[in-house]
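A look at the structure
Listed here are the chains, written in short residue letters.
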Amino acid sequence: MKTFHIIPAALLLISFTTVSCKRSETVISTYENQVEQKLEQSDSAGVTVIQSIEYLESIEGGKSLCAKVNNLVVRFCFGDSYDGYELRPASEDYAASLVDDYKKDAGMTFDEDSDAYWAYNWSYLMTGRFSDSYGDLQTYTVYSENYLGGAHGMQSMIPHVINLRTGEEVPEEEFFAEGYEEPVAGLIREALQKEWGSPDDPSSTYCMMEEDGMVPNGFYGVSEEGVTWYYQPYVIASYAQGVIEAKVPWYQLKPYISKEYSKF
C-alpha cells in the first residue's frame with residue numbers, strides 16, 4: 001500500500017488542505033489487489049485481475065465525511081450493489097466474481113477451441129484515481145481495460161464528481177441549470193471540432209464521428225480549466241480512437257450552471 005500527503009503547493013488533487021495541526025489532514029492511499037487463476041483444463045490459459053484504487057485515509061472534514069467519500073469510491077469502482085462495503089472486502093468479492101465468471105464462460109468452450117490459447121488468457125484491469133478538482137468539487141475517475149478473448153480488449157474511462165463539502169456525488173443534471181442540454185451540446189461539438197477537424201472538411205476525423213452522440217452524457221469531470229465530457233469507444237468514434245474527451249472552458253459554461261454550483 002502506498003500513501004502520500006496532499007501538499008497544496010505541489011498537488012491539486014483535492015482542494016481541502018490542512019489549516020491546523022488539530023484537524024485531520026487529507027491523506028490519500030492506494031489499495032492494490034492482484035488475483036491470478038489458471039483454467040482447470042490448461043496451465044497455458046488463465047485470468048488476471050488487477051485493481052489499483054485510491055481512497056481517503058483521512059480528510060480535513062473528519063471521519064464521517066471520509067467514510068462517505070470512501071463509500072462513493074467503492075460504488076464507483078464495483079457498483080451500487082457494494083454500497084456499505086469496505087474497500088478491501090468489496091475488491092476481493094468483485095475479483096472472485098470475475099474469476100468465477102471466467103471459469104464458467106471460458107471453461108465451457110475451451111475444449112472445443114483449445115488451440116487458441118491466446119483467446120483464453122483474459123484480463124481485468126481497474127484503476128480508481130482522485131484526479132482534477134475545482135473548488136470543493138473533486139473528480140474521481142475509474143479506468144478499466146478488459147480482455148475477454150476476441151480481436152481486442154475494451155477500455156473505458158468513467159468520471160464522477162464529488163462535493164467534498166457534503167461527501168455526495170454531483171450528477172450532471174444537478175450541476176447544470178434546466179435546459180442546458182442543447183446549448184452545451186453545441187459547445188461540446190465546438191470543442192471536438194478544435195481537436196478533430198472541421199465538419200466542413202470531408203477528410204477530417206470529425207466528419208467520421210457520430211455527431212448525434214456529441215451531447216452531455218453524464219460522464220463529466222471538473223478541473224480548473226472547465227468541464228470535460230468522456231465518450232467511450234464506439235459511442236461517437238471507432239475503437240481505435242479510444243476514449244474521446246471534450247473539454248469546455250468555464251467561461252462558456254457559466255450561463256448554464258445551476259445557481260447552487262455557480263458560486264464554486
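Residues numbered from 1 in each chain as written. Predicted model: local features only at pLDDT ≥ 70, side-chain atom pairs only at ≥ 80, totals over all residues. Heavy atoms only, no water.

For the rest of this paragraph, the subject is the overall build of the protein. Broken down by element type, the protein carries 6 helices and 10 strands. Looking at the protein as a whole, 47% of its 264 residues qualify as buried. For the protein, the share of sequence-separated contacts (at least 6 apart) that also reach a separation of at least 24 residues comes to 59%. Taken as a whole, the protein presents about 13,800 Å² of accessible surface, with 49% of it coming from carbon and sulfur. (Helix = DSSP H or I, 4+ residues; strand = E, 2+ residues; numbered from the N terminus. Buried < 20%, exposed > 50% of the residue type's maximum accessible area, 1.4 Å probe, protein only. Contact = heavy atoms within 4.5 Å. Areas by Shrake-Rupley, 256 points an atom, 1.4 Å probe, with all protein chains shown as cover.)

Across all of its chains, the model carries 16 aromatic pairs by this definition. Between Phe175 and Tyr261, the ring centres sit 5.5 Å apart and the planes meet at 40°, which makes this aromatic pair tilted. Within this pair, whereas Phe175 is found in helix H3 (residues 172-175), its partner Tyr261 is found in helix H6 (residues 259-262), the two being separated by 86 residues in sequence. With relative accessibility at 0%, the residue Phe175 sits in the buried group. By relative accessible area, Tyr261 is classed as buried at 4%. Three or more aromatic residues link up through ring pairs in this structure, and these residues are Tyr134, Phe175, Phe176, Tyr180, Tyr220, Trp229, Trp250 and Tyr261. (Phe/Tyr/Trp six-rings, centres within 6.5 Å; stacked < 30°, edge-to-face > 60°.)

For the rest of this paragraph, the subject is the pattern of salt bridges. Taken as a whole and judged by the stated rule, the model has 5 salt bridges. Among the salt bridges present, the one from Asp80 reaches Arg75, with a minimum N-O distance of 3.1 Å. Look at Arg75 and you get partly exposed, because its relative accessible area is 25%. Here Glu92 makes a salt bridge to Arg88, at a shortest N to O gap of 3.0 Å. (Salt bridge = Lys/Arg side-chain N within 4 Å of Asp/Glu carboxyl O.)

Note on placement: Lys247 falls in strand E10 (residues 244-249). Taking the C-alpha atoms as reference points, Lys247 and Ile188, separated by 59 residues in sequence, lie 7.3 Å from one another. With near-sequence residues (within four places) excluded, Lys247 lies in contact with Ala191, Ser223, Glu225, Val227 and Thr228.

Turning to the confidence of the model for the protein, a few remarks are in order. Within the protein, residue pLDDT values average 89, and 89% of them lie at 70 or more. The low-confidence segment residues 1-22 (pLDDT under 50) makes 53 contacts with residues lying over four places distant or belonging to another chain. (pLDDT = per-residue confidence, 0-100.)

Turning to the sheet that holds E10, a few remarks are in order. Here 3 strands make up an open sheet; going across it, the order is E8-E9-E10 and the pairing antiparallel. The open sheet is flanked by strand E8 (220-222) and E10, the only strands paired with a single partner. Across this sheet, the average inter-strand angle for adjacent strands is 25°, counted without regard to direction. In terms of strand pairing, E8 meets strand E9 (residues 226-231) through 3 bridges, oriented antiparallel. Bridge pairing links Tyr220 to Trp229 in E9. (Pairing = 2+ DSSP bridges. Axes fitted to C-alpha atoms, helices over the stretch in contact; angles between N-to-C directions.)

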